[in-house]
There are 2 protein chains.
Amino acid sequence: MSVKKRGERSFVYDGYISVYESAAVGGRMESAGKFARYFDYSLPDALWGETSFEKTEKKMFKYVVDRVLSKAGCKKDDVDVLIGGDLLNQIVSSGYAARDLELAFLGVYGACSTMSQSLLMGGMLVDGGFCDRVICATCSHFAAAERQFRYPLELGTPKTPVSQNTATAAGAIMLVNGKFEGRPNLVSCTVGRAIDGNITDANNMGAAMAPAAAETILTHLQDMCLACDHYDLIVTGDLGTFGSELLLEMCEKCALDISNIHFDCGAQMYEGMCNINCGASGCGCGASVLSGYILQRLKDRELKRVLFVATGALLSPTVVQQGESIPSIAHAVSIELL
Amino acid sequence: MSVKKRGERSFVYDGYISVYESAAVGGRMESAGKFARYFDYSLPDALWGETSFEKTEKKMFKYVVDRVLSKAGCKKDDVDVLIGGDLLNQIVSSGYAARDLELAFLGVYGACSTMSQSLLMGGMLVDGGFCDRVICATCSHFAAAERQFRYPLELGTPKTPVSQNTATAAGAIMLVNGKFEGRPNLVSCTVGRAIDGNITDANNMGAAMAPAAAETILTHLQDMCLACDHYDLIVTGDLGTFGSELLLEMCEKCALDISNIHFDCGAQMYEGMCNINCGASGCGCGASVLSGYILQRLKDRELKRVLFVATGALLSPTVVQQGESIPSIAHAVSIELL
């Protein structure tokens, strides 16, 4: 077995990889929620001065990358690679933003798991001696995602009770080779497998993704020989309230009780608001909450060890129309104060 | 600068990474061409017993991964990570194949550059001490790609003179940590940038991708301090005949003559056939020719040093309809007999 592999699908980073700086933006609705004060910027409306939702999404991606650069006091030339993706067909927001940013770019597709996938890969590039500075970024936009994956908003299609609202949000995190006082570090990761819970309803993402989250969390703890109380928080990206319930049930069946330390970004993003069904989803959801709220709590030393497990539903409208169910994947990275 | 980085965007692998085994399949039309005898299997028709082109594409992806495992004498458990992607929305062939294969999966999206992106990342995971065995795979299917990116075949839309035919093909390559007699090795790589040549015609992929290929080849040679005669062959994925002409012109303008060593998989795949316009495209094109023909020539010692530069057009029909041009990206990996 390779020196940094543990168990079935987990890996440790040998050196110090600092989660050096981060930036987040949120849409108007997201900015009415409890994570708003951790956003670097709140969009004034759904278009933010652009002529299409896709262009707005690209602008959000660019904004968080530019913002993380300026917060870290870096120039673009200091960054070795940008890793990222988004939900839109052909990861178009990231691709066009990467063109404008003129950075070396590795595009990934992990649906809503994009941020944890980018972070775990970025960590490998830094720890492997290839990069000193990597930026991981992702974004999603409610209106752009709805018309691609479900129905255009103009149709006024009612939402089902288990549906979630794709968050209009983006997050970017800069990883830097080395240890820096007060900044958390990437410690280990678990690469996900595509897991199928036989869900065929494109409005029930929580149920589609919960099995992948449970499987990755269990594999991570087993591979790393950790009890779950090693972590102060196990953060899932966007299971929503229904998916979170399912996750806890599935873990319980495997004799794992994470109910005290589980935190789902999607379930909490719109807490207290009306008509939000099961909460938020989208790769910008977990990314913006991690980049804002969670990392701030780590910097404030209110949290010391967090496992970030973003889950992605590998949903394709074409293939679902052909009768396929929706597999999901969850990648995990542990972020700790050392 | 990190120890393995060279120049602007290139990286060297410190240890030995063997391009250990490979497998390729081709569609019926591809199997009438000169690379057919290097395919492990030729599809009997466009559906290969499936009920949709998307399902056929998934079957091809699974087939090449299973085939590379059996040729290498490995079990699935021996493989640390599967890296791959495809052209279909939400990289659906790869995602569903990964579900069935039950392997740890990192999905990437680089359009037709997927194979070189997967190889360069796989190399980093091996060289960084994370993995001993990685499989990189990708696929494309003519009929599935046409109806997604352009028009369904049922419309009978005529092709333009500069158009290319998405190859129905797949390729998989297993990278193994270590040096093995007679097998080529990954030596270095260059991560691409998204480059925009202001092409807005979804039927002119060659022109969209040529600037990215030229920029990555020039950057690679400059970063690595190499003259182009270091390589016996510079292999591009699917520029086609028109895109290849543009590439040579662009290189010439930068005082680089690669005309004697340039080889484009797309331009040659249908050589001698009628009505093929500018040749083949699609991420399966470069992947199947590399996995079959090129790697065989390396094993036969007819070639010693090859630079594989697959190019991807980051084409989204939605955004192109909104007036955007089509950026492209080219990633390079050097494969050498040591």
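Before reading further, recall that the structure is shown in the block above.
Bear in mind the structure is a predicted one, so any value in this text is a computation, not a measurement.

J.: What is the right way to read the overall build of chain A from this model?
T.: The helix and strand inventory of chain A stands at 9 helices and 15 strands. Along the longest, intermediate and shortest principal axes, the C-alpha atoms of chain A span 50 × 50 × 35 Å. Taking all 338 residues of chain A together, the buried fraction comes to 68%. Sequence separation of 24 or more characterises 78% of the internal contacts of chain A that already satisfy a separation of 6 or more. For chain A, the computed accessible surface area is about 10800 Å², with 48% contributed by carbon and sulfur atoms.

J.: Help me understand the relation of the copies chain B and chain A, please; the structure alone is not making it clear to me.
T.: One copy of the chain maps onto the other through a rotation about an axis plus a displacement along that axis. When chain B is fitted onto chain A, the two copies agree to an RMSD of 0.0 Å after a turn of 180 degrees and an axial shift of 0.0 Å. In symmetry terms, the pair is related by a two-fold rotation axis.

J.: Just checking my understanding: could you explain the environment of S140 of chain A for this structure?
T.: Residues and elements named next belong to chain A. Structurally, the position occupied by S140 is in strand β6 (residues 133–140). Take S140: its relative accessible area is 0%, and that puts it in the buried class. In this structure, the C-alpha to C-alpha distance between S140 and G27, residues 113 residues apart in sequence, is 9.9 Å. Once you skip the residues sitting within four places of it in the chain, S140 turns out to touch E57, M60, L87, T166, A167, T168, A169, S281, G282, C283, G284 and C285.

J.: Would you take a moment to explain the packing of aromatic side chains for this structure?
T.: Aromatic ring pairs: the centre-centre distance and the angle between the two ring planes describe each pair. All told, the structure shown has 20 aromatic pairs over all chains when counted by the stated rule. Ring centres of Y38 of chain B and Y293 of chain B lie 5.2 Å apart, and the angle between their planes is 70 degrees; this geometry places the pair in the edge-to-face category. You can see Y38 of chain B sitting in the loop between β2 (10–26) and β3 (41–42) and its partner Y293 of chain B sitting in helix α8 (residues 283–299), a full 255 residues away along the chain. Taken together through their ring pairs, the aromatic side chains of F35, Y38, F263 and Y293 of chain A make up a single cluster. Cation over ring: K59 of chain A sits above W48 of chain A, and NZ or CZ is 4.7 Å from the ring centre. The aromatic ring of Y16 of chain A is capped on one face by K179 of chain A, whose charged end is 5.7 Å from the ring centroid.

J.: Any chance you could explain the pairing of strand β8 (residues 169–177) of chain A here in plain terms?
T.: On any regular strand, side chains alternate: one points to one face of the sheet, the next to the other face. All names here are of chain A. β8 sits mainly inside the fold: 8 of its 9 residues count as buried. Pairing of strand β2 (residues 10–26) with β8, which is carried by 9 bridges, proceeds in the antiparallel orientation. When the bridges of β8 are listed, S18 appears paired with V176.

J.: What's the story with the environment of I135 of chain B in this structure? I'm lost.
T.: Residues and elements named next belong to chain B. Mapped onto the secondary structure, I135 falls in strand β6 (residues 133–140). Taking the relative accessible area as the measure of exposure, I135 reaches 0% and is therefore buried. Put simply, I135 and L69 are 66 residues apart on the chain and 8.8 Å apart in space, counted from C-alpha to C-alpha. When residues no more than four places from it in sequence are discounted, the contact partners of I135 are V65, V68, L69, V79, V81, L82, I83, A172, I173 and M174.

J.: Would you mind showing me how to read the interface of chain B and chain A here?
T.: You'll often see interface size given as the accessible area lost when the parts meet. On the chain A side, the residues contacting the 65 residues of chain B number 65 residues. Carbon and sulfur atoms supply 59% of the area that chain B and chain A bury against each other, a total of about 5000 Å² over both sides. Per-residue buried area on chain B facing chain A is highest for Q90, Y96 and F130 of chain B; these three make up 17% of the total on that side. Where D196 of chain A meets R99 of chain B, a salt bridge forms, and the shortest distance between an N and an O atom there is 2.5 Å. Counting the contacts that link chain B with chain A gives 30 residue pairs in polar contact (both at pLDDT 80 or more).

J.: Is there a simple way to explain unusual backbone geometry in this structure?
T.: Excluding glycine, residues mostly carry a negative phi; peptide bonds, for their part, are mostly trans. Within the chain, N198 of chain A stands out as a residue other than glycine whose phi angle is a positive 60 degrees. Here N198 of chain A shows up in the loop between β10 (195–196) and α5 (205–223). The phi angle at A255 of chain B is positive, at roughly 60 degrees, despite the residue not being glycine. Residue position: A255 of chain B is located in the loop between α6 (240–253) and β12 (262–264).

J.: Sorry if this is basic, but what is going on with the side chain of Q90 of chain A here?
T.: Inspection of the secondary structure puts Q90 of chain A in the loop between β4 (81–86) and α2 (92–101). Engagement of the side chain of Q90 of chain A in a polar contact is seen with the side chain of N89 of chain B, the distance being 2.4 Å. Beyond its immediate stretch of four places on either side in the chain, Q90 of chain A contacts L87, N89, Y109, Q148, F149, L315, S316 and P317 of chain B.

J.: Would you mind showing me how to read the packing of helix α1 (residues 53–72) of chain A against helix α4 (residues 142–149) of chain A here?
T.: Helix packing geometry: the angle between the two helix axes and the distance between the axes. Residue and element names in this part refer to chain A. As a packed pair, α1 and α4 sit with axes 8 Å apart at the nearest point and diverge in direction by 130 degrees. With respect to each other, α1 and α4 are oriented oblique. The way α1 lies across α4 gives a crossing that is left-handed. Across the interface between the two elements, F53, E54 and E57 from α1 touch A143, A144 and R147 from α4. Of the residues contributing to the contact of α1 with α4, the split by class is 3 nonpolar, no polar and 3 charged.

J.: Would you explain the pairing of β6 of chain B in this entry?
T.: Residue and element names in this part refer to chain B. The element β6 is largely enclosed, with a buried count of 7 among its 8 residues. Of the strand pairs in this sheet, strand β4 (residues 81–86) and β6 are connected by 6 bridges, and their pairing is parallel. Bridge pairing links G85 to T138 in β6. Across 8 bridges, β6 lies against strand β8 (residues 169–177) in antiparallel orientation. Looking at the pairing, V134 lines up with L175 of β8.

J.: Would you take a moment to explain helix α2 (residues 92–101) of chain B for this structure?
T.: Owing to its 3.6 residues per turn, the α-helix aligns residues three or four sequence positions apart on the same side. All names here are of chain B. Burial of α2 is extensive: 9 of the 10 residues sit out of reach of the surface. Of all the residues in α2, the buried ones are V92, S93, S94, G95, Y96, A97, A98, R99 and L101. E102 sits one or two positions beyond α2 and adopts a positive phi of about 60 degrees.

Conventions and cut-offs
- Here the residue numbering is sequential within each chain, running from 1 through the sequence in written order.
- Think of it this way: whatever chain is written first is A, whatever ligand is written first is 1, and the rest follow in order.
- The predicted nature of this model means local features are confined to residues of pLDDT at least 70 and side-chain atom pairs, given and counted, to a pLDDT of 80 or more, with totals for whole chains, interfaces and linings taken over all residues.
- Each side-chain value is derived from all of the structure's non-hydrogen atoms; neither hydrogens nor water enter the calculation.
- Helix and strand definitions here come from DSSP, where helices need a minimum of 4 consecutive H or I residues and strands a minimum of 2 consecutive E residues; each element is numbered from the N-terminal end.
- With a 1.4 Å probe rolled over the protein chains alone, any residue whose accessible area is under 20% of its type maximum counts as buried; one over 50% counts as exposed, and the rest are partly exposed.
- Pairs of residues are marked as contacts when any of their non-hydrogen atoms sit within 4.5 Å.
- For the area figures, the Shrake-Rupley method with a 1.4 Å probe applies, and any residue is considered shielded solely by the protein chains shown.
- Alignment of copies: least-squares fit on C-alpha atoms of residues with pLDDT of at least 70 in both copies.
- Working definition: a ring pair exists when centres of Phe, Tyr or Trp rings (six-membered ring for Trp) sit within 6.5 Å. Plane angles under 30 degrees give stacked, over 60 give edge-to-face, the rest tilted.
- Criterion for a charge above a ring: Lys NZ or Arg CZ within 6 Å of the ring centre, and within 35 degrees of the ring normal.
- Strand pairing requires that DSSP identify at least two bridges connecting the strands.
- Buried area counts how much accessible surface, traced with a 1.4 Å probe, disappears from two parts once they are put together, with both parts' losses summed.
- One side-chain nitrogen of Lys or Arg within 4 Å of one carboxyl oxygen of Asp or Glu is enough to make a salt bridge.
- As used in this structure description, the phrase polar contact means that two N or O atoms lie within 3.5 Å; if the pair is within protein, one of them must be able to donate a hydrogen and the other to accept it, and residues adjacent in sequence are counted only when both atoms belong to side chains.
- Convention adopted: a line fitted to C-alpha atoms gives each axis, helices being fitted over their contacting stretch, and angles between N-to-C directions are expressed from 0 to 180 degrees.
- Note on angle classes: values under 35 degrees are labelled roughly parallel, values over 145 roughly antiparallel, values of 65 to 115 roughly perpendicular, and the remainder oblique.
- A clockwise turn of the near helix away from the far one marks a right-handed crossing, whereas an anticlockwise turn of less than a right angle marks a left-handed crossing.
- Nonpolar residues are Ala, Val, Leu, Ile, Met, Phe, Trp, Tyr, Cys and Pro. Charged residues are Asp, Glu, Lys and Arg, and all others, Gly as well, are polar.

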